[in-house]
Structures are given as structure tokens and as C-alpha cells.
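Listed here are the chains, written in short residue letters.
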Amino acid sequence: MIRISLGLILVFALIAAACVAFGAYFSYVTLQTAHRKAIEARFNVTAARIAVSAETAASLGITLPAQAPLADLARREARLDPTIISIDITDERNRVLFSSDPDRIGRADGARAPGTVSRAVENDLAAVIGRIVVRYDPATLAQGEAALARDLTAIAMPALIGAGLATIAIGLLLANGLGRAARRAADPALWPPAARSALAEAEAAHAAAINPAALASTGPKGERT
Amino acid sequence: MIGLRAGISIAIAVVLCAALAAIGFAAHSAVERTIVPAIAAQAESVGRSAAALIENAVTAGVPLDKLVGVNAYLDGLERANVELADLKLVTPDGRILGHAGTPPADPDPPTVITSVTARSGIPLASLIITIDPGVVSSQVHALLVDVAFIGLVSLLVALELVALVVGASSTEALAALEARVRALSRGRLWLHTDAAEKSPLVMPIDAQVARLHERHAHAREAAERRGDTGALVDLDAIGARFGLGAVHAGENHAATIIRPALFLFMMAEELARPFLPRLAGSMATPDLNIGRDLAMSLPIVVFMAVVALSQLPFAVLSERLGRRRGFVLGAAIAALSYVGSALTDHFGLFLVSRATAAIGYALVFVSAQGHVVDLSRPQERTAALAVFVRAIMVAGLCGPPIGGVLADRLGDHAAFLGSAVLAVLGLLVAYFTMPRSQPLTGGAGVGLSDLRAALGAPRLAALLLGCALPAKFLLVAVCFYLVPVELQNQGYSAAAIGRLQMIYPVLMVIGVPIAAHFADRLNARAAFVTAGGLIAGSGTLLLLVGTSPVIVALVLALLGLGQALSIAPQSSMVAEAARHVPGGRSAGVLGLFRLIERTGNATGPAAAGFLLAVAGFASASTLIGLFAVAGALGFALTGTGRRKADSSGPTALSSEGTAS
Amino acid sequence: MIDRRSLLSLGLGAGTAGALGVPALAQQMVQQQPYRILMLTFRGETDVERGFRSFFDAAGVKVEFMTRDVDRNAARVKPILAEVLPTFKPDLIYTYGTPNTLAVAGPYDAPPDAPFVRDIPVVFALVAAPVRSKIAASVAKPGRNVTGAVHVVPTDVQMRAMQTYKPFSKVGVIYSPNESNSLVVVNEMQAFCEANNLTLFRQPLAMSGNLPTGEGVEQFVRDLRQKGAEWLYLPPDTFLATVFNRIAPVAIEVGLPTFGSTEFFLREGDGLVGLVSRYYSVGQLAASKAVEILVQKRAPGDIPIETLKRFALIINMKVAKALGVYPPIVMLNYAEVLS
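Structure report, in brief. (Residues numbered from 1 in each chain as written. Chains lettered and ligands numbered in written order. Predicted model: local features only at pLDDT ≥ 70, side-chain atom pairs only at ≥ 80, totals over all residues. Heavy atoms only, no water.)

## Describing the overall build of chain C
Each helix and strand counted, chain C has 13 helices and 15 strands in total. A fraction of 74% describes how many contacts in chain C between residues 6 or more apart in sequence connect residues 24 or more apart. Total accessible area computed for chain C in this model is approximately 13,000 Å², and 54% of it derives from carbon and sulfur atoms. (Helix = DSSP H or I, 4+ residues; strand = E, 2+ residues; numbered from the N terminus. Contact = heavy atoms within 4.5 Å. Areas by Shrake-Rupley, 256 points an atom, 1.4 Å probe, with all protein chains shown as cover.)

Pasting the structure below:
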């Protein structure tokens, strides 16, 4: 019984710790996602600005490959933000037409890679005619994530250990209480008041039933019949 | 006194609340330190880009005061970036060359100033961007709500794990000890028959109680021998009061036994919810010619349809197989289906795997429900069904965020393997915790005539059509269809709408067990069902006042509250009414009940879409709400007419109920 | 020198890519003699011819060119042909503009005995409307010894570009009434203006017999401005181009912005802005047709006449400054600015 109780307390402490860890990890993931979104929103805005230009031009019949001024625009935008590695303007098959980094022209990098934000360029008929792909320095993300992780673990670790220990402490207290209650329960003299009074009444009744004479004078009960 | 198990459950809840609050605090400071600057950086980026564009124009030869289209450009920026409240291009001598937006009400809002400089380095103008602090703080706020929700999920998962441990047979001895100690502390001196083998701590207590019982029997014999009826009456009165001569069967575990297995299994299905549409959409190749929207919804529709259609036949099947076998078989089918979903890239095969997962899901659902109904005594059936409902609701709350993270880390396909693992875990837990199946070999399937007879059972038709159907209809139409559509039209993000929609399940998880407890205790199931229907339905009337998110939240809260009151008592009443079916077979009636409920599920969005087009959001919701109110009133009316005829019912029902 | 990759990025049609691939190289190895191409220009060497020649260089096809200029008079084509054909024996004739092309190949419905070139392939550039000017019966399948490149940007797209630069409600146009190209464009403008509640002032050039004269063109510009025109549109009119140097100064003087339909008005005149096909690219597109004929031995009648689909928005900042009419700042993101 003691082993079961101790085992149970340990399991409960593990559950408590695991759930704090779970909560902390999921909070971290939530914040990490939010952080990535906030960072990428910036690059999205950059991509959107270029895409809007390209779309306006496309609506005037200037096709994407013919929009040579986009290269200047991409270079200008890429220069503005040191965390941007390159801005590519690709055609609908992901081949780079213009880029802030001239070495990338003609490459086909395929779809979305990590550390990139892309925005489709659509023509007036909402068909995708190309993409603006902003590649940014993953270190930006990593720095923020490390900071988030630091801030969270600084509190989550103590909370986790605390939760486990508190559970153990409360469990031991409760187990101790239960053990004492069990030991007392083995001895009717130490039973809880309700049980004791029940016992007393029952024993009085038993005594009366077994030996009515002894109690006849003590109350009217025995004489009722 | 509080037992070790209950006490430690409460302790864990309290300890976790404190620990999670600490994490929330940590998250808050992390957000302030890392994410808020990231949001602000966006304004700087916009500022730099706009300044560069103007510099470019000036370099190209456009004089600064002849710039064309500055207002339109700034307007576009302001529209594209919600957190920018005001953009202004000002020359050093204070002339405004371009302006968009309105300054925020805040007295000292954060601003970002970017200077526009000529190639020669001479400052030409400044672009002053004012950030709306309200937008930033509402983004932070939304994030913290998400973190709080994660905390709630962790807590619920912890409590489910605790329940799993507490329900495990290894703790039986502890449960037995606690039962004895608790009985003594209440002055109950009955004998206990629960623990299979007596532990050293239990034996002396039982010995004491047994001796007392012996003495009691002895005293009774003595009195009987003497013909002392007075003493006999006294003894029996005392026996009744203190449980002498009585044998206590121990607590009923039917519902608690199934809870962890059901929770795990339901989690498996709920995991897929956040990424299923996206996955389906990505899998549908253009040559299928069905369109992305349809491709995204098709797997869900197929799943729901198969589950609905399986209710009736599976109710019978599970009864024949036995509950444990039904559960295990269903979980196995579902687990294999999840593996199939994880492996296939083919849209058609994916649909098939969803359909077979639905078959497994339906079989598990029906078996678990049948298990609870079979093994709970009528007076505790509502509470037992509440545990059943709660397991599903908690899984519904915990599954999606976990699934979302899994999909994010492992990819959508691999996340389905997570579902498979959970389904297998559910299967194992069910196999080891559920009682051995006792398949019914006798009865035949449920025929139409049985169902007709079932509908003839007292108030059953009124209950099904007046309460069960409108309840699901209301939930799906308002909470899952009209509210998201309306809020989306109002310009709220999917995430914000999702947070609002959480009100319903959270209230359900909290409210269902409480309501069930009181419904059983007060023996007022019908009243709870009626009240729940009235509250849930009439809540929609608030929408006539306005459709702001606060009012919508209130409507959803009333919906959750109302349905928390009614859902378990309703199932319990159906199960009870099922006893009136000739042959005492409950399966068909329960199947019918779920089928009708799910009809409400299926018709809700369509009807809501139609009403929305015809009447608009507020009127459509109110109409549907009034439909639910009318149903509840109709149900209440059948009660007043039948009360007399029914008065002998409960005892008859109970005796039939305990007989099974 | 243009490399193959940037040629591809110009996207000069799928057929071109094939022509530049293995067959071209294989052909080149067995090519004993350079191909002979006679180039008939209209107003001297332009970017079109430069683009045309560069294409052969890039493709590695050896060509011997002979260039003759008609000096804005298509009547000179006949004597040139009579002189050159017997001696030079070209494999292909390149023609610039509608008048030259018609003078060489004649309309497709000309009587069989009419004195036109029928046995040598003709590739044209800078023809605005080959079907309406009867150069070919169909764009998809010319059906005779003629094919080529069309350079005109759709009129409604040009009108929209004009609106984007500076919104207007009244627009004027000056054109030669004898040039079918111009008439087509002016009618399309009329339709666009009617659909958008705008007013169009049509100003035909003065005629002497069958030919336009530049008489009074300065006054036409002033009149249009007087009537409230906010833009002067310059259609792809061969004659108008020759008098544009008289139009532009007046337009700047009276503050009337001009919108050019071809690169000429911007590069060689003082037009304000234009949405145009780059002449260089038009020349390349024409050359790709020539390569198909010479290297791949395809019949010109089977090679579709193609419209260049890449346009450029060109702004003359010098003119913008003189007029004080500047483009919206966002337009600078996609416009090519000449200063």
C-alpha cells in the first residue's frame, strides 16, 4: 500500500512536471510562430510592395520578364534592410528573372524554402504570373527564438520543478493522512466521530437486543411492547 | 475527508494553475521584449521603403514639391499595414507633402521617423509614421489569450492523465482503502465488496466492521428468537442508518473506466482538424476538376456522412460484438486508416482512408456510449454520460493545438501518424481497462417497427425532434457557420474567430459535469433539458441588439451554458426511454438519437447559408434560436400532459435499468 | 553581344527556343555559305535592325547583310529591288514598316501577274495591322512568302496607361487619314472613350491628293489644347513620325502632354511618355522568324505572325520637367526613365 501510494505520488508529480513542460513548450511554439509571423510580416510587406508594382505594370501589358526596372526596385529594397539576403522576381515556374543579387538570375530554386517569404504576382485575371521571393537572414529568426526560449525557460524550469515537488509534498501529506486514517480505522476506539457515535448507538442497540433486561430500566424503549 | 486520489487531483490542478500562470507571465515578458519590437520593425521597414521611393523620384528628376501620387501611395501603405495609424511626409520647414490616415487617440503614440535625403546628403523631408498602439496591444493580447488557452489545454491533459492513473486497476487497493475511510468518516459502517485482494491496511478495518456486522446479526437473531419486535425495529433502523447488514458495491466506474481510452481516441481524430483542409487542398490535383474549396471540405463531409449513417447499424453491431470488442475493433480500423492517410498522396485514396476512419470512429463512439449506458445505474446515468461527453469535448479542445504543432514540425502527412499512435494508445487502454465483452447473441437487429415503437415511447419523439435535433442544428448553424462568416465580414482574422469559438467548448467542459450532477441529484432531467434549450436558443435574441464581438461572445456563452445544461440529461433520457422499446433493446434508439442529432449537424450549415442569404446574420441566427426555443417549449408541453401517466415510470425504469 | 539565356528570358516564343537549340548549331556546322539577307529600311538604321542582327549573332548563324534605305519613300523600293536582286541574290528580304512590306510583297489579293516578290521569303517588322493592310490573310497562317513581327500595344491598354500617368477626360489625336493603321487605332480610341465617358478630338493631317502633308500641324496642336485636350496621343503613324519634330516643341510650349504609341516618339522625339514595344525586341522577334525560315527550312506561310507581348513604359523626364507634368511616384517603380 505504501509502495502504491508512493508510486502514485511519483506518477502524479511526473504528470504535473510533464504538463508544465508541455505548457511551456507549446507556449514557446506559439510565441515562436508569432515571432516568425511578425518578422516575416515585414518581408511580406516588402514583397507586396514590389508585387503591387509588378501587377500595376502587368495590367498595362508590361509582362514580368520585360519589367527591367524591377531589378532596380529589388536592389533598392534589399539594400534598405540588412537582414534581407536577396529579393528575387521569378516567373511562374520559379525561375529567377531579376534579382537584387545578379548571380541568382536564371536559377530555379523551386518552391518555398525556409527563410524565405514569397508573394504571388497576379495579372488582371488573377492568374499567377510570377513571384516575389524575399530571402532573409535566418539568424534574425534564431536570435529572437533564442531570446524567447531564454525568457520562457528561466521561469518554466523552476515552475516545472516546483510543480513536481509541490505535488510530491502534497501527495506525501495526503498519503500520511490516509495512512493515519487507515491505522485509526483499524481500531474502533480511534474511529472518526461519526463512526464512533454510530458504533456506540449500534452497540447500545446490540446490547439491548441481546440482553434487554440489563437495559430495561434505562429507557422506555424496552417496555414499549 | 478528501481521499488521496481526489486530493492529489485537486492539488495538481492548483499547482499546475500556479505553474502555468508563471509561464504565462514569462510569455508576457518574452512577448514584450522580443515580439513587440519585431512588430515595430515593420513600421521602420515601411518607412525606409517609402523614403527610398521618394528619394528615387527626386533622383529621377521630380522636384520634391511636385511629387505626384504621394497621398495615394501613403494611403495604400496605411491600408496594407493595420498597425500604421498615420503617415505624413513633411519638409524641414514644416510643409506637408503627403498625408494618409488619422492619428490615434493615444496621447503619446509611438512614431517612426525616416528622413528622405538627396543623393548629396541634404535632408529633403521626413516621413513620420505613427503606430497605432491599440493594434499592437491587441496583437499582444491575442497572443496571450493563445498562451492562456495552451495553459488550459495542458491542465485538461494533466487531469485526463490523472484520471487515467486513478482509474487504473493498480490503484484499486488504494481506492478500497479510501472508500472505507470515507465511509467511516460519514458514519457508514457497511461491508465493502470491492477490492479483489485485501491489502494489509484494509484487512484490519474490514475485520472490525465484519465483527460489528456479526454482532449486529447476532443481536438481530437474539431479538428474533425472543420475538422482540421492538428491538428488531430498532436494530433495523440503526442498520439502515449506519449501513449495518448492508453490502456496498463500491463506486460505479463504468464512465470513468472508459474516459481515458475515449479521450485518447478522440484526440486522435481531433489532431487532424487544423491541417486536414490544407492537406486535402494540397492533394487535390487540378485534373480532378473539383476546385480547391470543395477538395478541402470533401474529406470532412465524407467523414461526417459516414459517421452519421453508421450510427444506426453500428449501434446494433456494437451490442452484438460487445462493447470492448467494438471499441477495440473500431480503434484498430481508425488507426490503420490514419496510417493510410499518412502514407497516401492520392486524393481518392485519402478520401477512402477518411471514410474508413469514420467507420472506426463511429464504432468506437457507439461502443463507448453503449458501455456507459449499459453499466451505469439509471440514477447516475446522466453523470456517467456527462463524463462521456466531457472526454469528447476535452479531446476537441486539446487535439487541434497539439495537431497544429505536430503538423508544423513534422509535416501534415506525418502528423497523421500521430493520430495513429493515439488511436493505438486508446485501443490498448480500452483493452486493458474495459470489462470483457459480453456479446448479446439473442436479439435480432433493430427493425423499422422497433424504431416506430421507440418513437412511441413517452416523450421520446418530442425529445429527439424538439431538443436533440434543434440543439445540434443551433450549434452548427450559429457557432460553426454564421458566427465565423459574420465576423469574417466584419474583418476579424480566422485566429480571432477561433478564439471566440473556444467559448463554447470551454463552457461545455466546465459545465457538463456540474449540470449532470445536479440533474441526477434533483432528478430533474426534463427540466434541465428544457431550460438548456431555452437558454441556448433565446441567447440568439441578443443579436437583435447588435453584432459586436462582445455580443457574439455572449451569445456563444449562453449557447455553451444552455447546451451544458441539456446535453447529458438529454442523452440519459434517451437511454432511459430506450428501455421502452419492445425487447428492452437500447441500441437502435440510441442509434436513432445520434442519427437525428447528426442530421442537425449536417443540415445546419446549409440551412444557415440559405437563411443568411435571405435574412442576414442577426435575423438568421435569431430565427434558428427561436426554432430551438420552440422545440424546447414543445418538449416541455408534452411533459405536462403526460406527467400523470408517467408517474409510475421511474421505479419501473430503475428496476429494468439495474437488471441489465 | 547577347547570350542565349537572356534571349530566352526575352521569351521570344517557343519556336525560337527550338531554333536556337541543337538544330541551329547542327545546321551551322554544315553551313558552307553565310545566308544572304536584304534589309530594306524606311528611315535609316534603327533599334529594330540592331535587334534583328544581334539575334543571328547570338544564335551563331552566319549571315551576310545588304542594307538599302528608301528614305521615307516606299516608291523607291522597286528600283532598289531591280538593282539588287540579280546581283546579291538574297535568301530572305527584311522589310521595315507597312509601306515597304507592301511595296515588296504586295497585297495577298494582288493579281498573279503583278510585279511583286513571290519566290523570296519576306520577313517584316513594325507592321501594325498585317491583316487589315492585306499583307497576310491570317495572322496564324499567312499562307504566302510573308511573315513577321507586329509591334503595337493594344489601344485600350495604352489609354489606361495614360490615365494612370495623369487622369483625363479629353484627349486629342493627330493622324494620317490614308494610313489604315492609324485609322484602326483612332477608331479603337473612339470606342474606349465612349465606353468611359471621355471626349476624343480627332485631327486628321492635311492631305495633298493621296498623300498627307505636314501643313499646319503646329496649329493643330494649339487648337487641340484650346479645345481642352489634356493629352495628345500619337498613333503608330508612319508619316506622323516624320513631322513629330515640329509637333513636340509646340506641345511643350502649350503644356500638352504627349503619349506615344511607339518607341520612336520617345527616343527620337520629345514625347512625354509611351507604352511601347521595344524596337530592339521587335527586331529580335522578326529575326527569330527569319531563323526558322533559313535554318529550319520552314515555309514562311506556315509561320504565324507574332505580336511582341512585352511592352515598356518609357518616361522622358526632360519633357516632364519642361511640362511640369510628373508621373506618380509609384510609376517610377516600373517605368524606364529617360533623362
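Next comes the rest of the write-up.
## Observations regarding unusual backbone geometry
All names here are of chain C. Not every positive phi belongs to a glycine, and Arg72 is a case in point at roughly 60°. Topologically, Arg72 is positioned in the loop between strand E2 (63–69) and helix H5 (77–88). Not every positive phi belongs to a glycine, and Asn197 is a case in point at roughly 60°. Following the sequence through the fold, Asn197 ends up in the loop between helix H8 (180–195) and strand E7 (199–204). By relative accessible area, Asn197 is classed as exposed at 72%. (Buried < 20%, exposed > 50% of the residue type's maximum accessible area, 1.4 Å probe, protein only.)

## Considering the pattern of salt bridges
When the charged atoms of two side chains lie near each other, side chains of opposite charge can form a pair. Going through the model one piece at a time under the given rule, you end up with 28 salt bridges over all chains. Residue Arg33 of chain B is joined to Asp151 of chain A by a salt bridge in which the shortest nitrogen-to-oxygen separation is 2.8 Å. One end of the pair, Arg33 of chain B, is in helix H1 (residues 4–60); the other, Asp151 of chain A, is in helix H3 (residues 138–185), on a second chain. What makes Arg33 of chain B exposed here is its relative accessible area of 56%. We classify Asp151 of chain A as buried; its relative accessible area is 11%. A salt bridge links Arg95 of chain B to Asp93 of chain B; the nearest nitrogen and oxygen atoms lie 3.7 Å apart. Exposure remark for Arg95 of chain B: the relative accessible area of 43% places this residue in the partly exposed category. Salt bridges sharing partners connect three or more residues here, namely Glu263, Arg267, Arg278 and Glu336 of chain C. (Salt bridge = Lys/Arg side-chain N within 4 Å of Asp/Glu carboxyl O.)

## Let's talk about the packing of aromatic side chains
In this structure the tally under the stated criterion is 20 aromatic pairs over all chains. On the basis of an interplanar angle of 25° and a centroid distance of 6.3 Å, the ring pair of Tyr338 of chain B and Phe416 of chain B is categorised as stacked. Within this pair, whereas Tyr338 of chain B is found in helix H10 (residues 323–343), its partner Phe416 of chain B is found in helix H13 (residues 412–433), the two being separated by 78 residues in sequence. In terms of burial, Tyr338 of chain B and Phe416 of chain B fall into one category: buried. A ring pair is formed by Trp231 of chain C and Phe259 of chain C, whose centres lie 6.1 Å apart and whose planes are at 80°; its orientation type is edge-to-face. Residue Trp231 of chain C is found in strand E10 (residues 231–234), and its partner Phe259 of chain C is found in strand E11 (residues 258–260); the two are separated by 28 residues along the sequence. Between Arg324 of chain B and the ring centre of Tyr431 of chain B, over which it is positioned, the NZ or CZ distance is 4.5 Å. Above the face of the Phe65 of chain C ring, Arg53 of chain C is positioned so that its terminal group lies 5.3 Å from the ring centre. (Phe/Tyr/Trp six-rings, centres within 6.5 Å; stacked < 30°, edge-to-face > 60°. Lys NZ or Arg CZ within 6 Å of the ring centre and 35° of its normal.)

## Some details on helix H18 (residues 525–538) of chain B
Residues that lie three or four places apart on an α-helix share one face, since the helix turns once every 3.6 residues. End to end, H18 of chain B covers 20 Å across 14 residues, agreeing with the expected 20 Å (1.5 Å per residue, within 8%). All buried positions along H18 of chain B are accounted for by Arg525, Ala526, Phe528, Val529, Thr530, Gly532, Gly533, Ala536 and Gly537 of chain B. (Expected span 1.5 Å × (residues − 1).)

## Looking at the interface of chain B and chain A
Contact with chain B, which involves 89 residues of that partner, is made by 74 residues of chain A. Joining chain B to chain A, the criterion identifies two salt bridges. Between Arg48 of chain B and Asp81 of chain A there is a salt bridge, with the nearest N and O atoms lying 3.7 Å from each other. Elements supplying a minimum of two residues to the side of chain B that touches chain A: H1, helix H2 (70–80), helix H3 (133–167), helix H4 (172–185), helix H5 (202–226), helix H6 (229–242) and helix H12 (378–410) of chain B. Its residues assigned to classes, the side of chain B that touches chain A shows 58 nonpolar, 19 polar and twelve charged. (Nonpolar A, V, L, I, M, F, W, Y, C, P; charged D, E, K, R; others polar.)

## Details of the sheet that holds strand E3 (residues 111–117) of chain B
All names here are of chain B. Here four strands make up an open sheet; going across it, the order is E2-E1-E4-E3 and the pairing antiparallel. Where the open sheet ends on each side, the last strands, each with one partner, are strand E2 (96–101) and E3. The average angle at which neighbouring strand axes cross in this sheet is 15°, direction not considered. Sheet analysis places E3 next to strand E4 (residues 123–131), joined by seven bridges and oriented antiparallel. By the bridge assignment, Val112 is partnered in E4 with Ile129. The sheet strands contacting H2 are strand E1 (84–90), E2 and E4, and the helix crosses E2 at an angle near 30°. (Pairing = 2+ DSSP bridges. Axes fitted to C-alpha atoms, helices over the stretch in contact; angles between N-to-C directions.)

## Let's talk about the pairing of E7 of chain C
All names here are of chain C. For strand E6 (residues 170–175) and E7, the ladder comprises six bridges, and the chain directions are parallel. Residue pairing for E7: Tyr175 is matched across the bridge by Pro204. Handedness of the E6-H8-E7 crossover: right-handed. (Right-handed = clockwise from strand over helix to strand, strands pointing away.)

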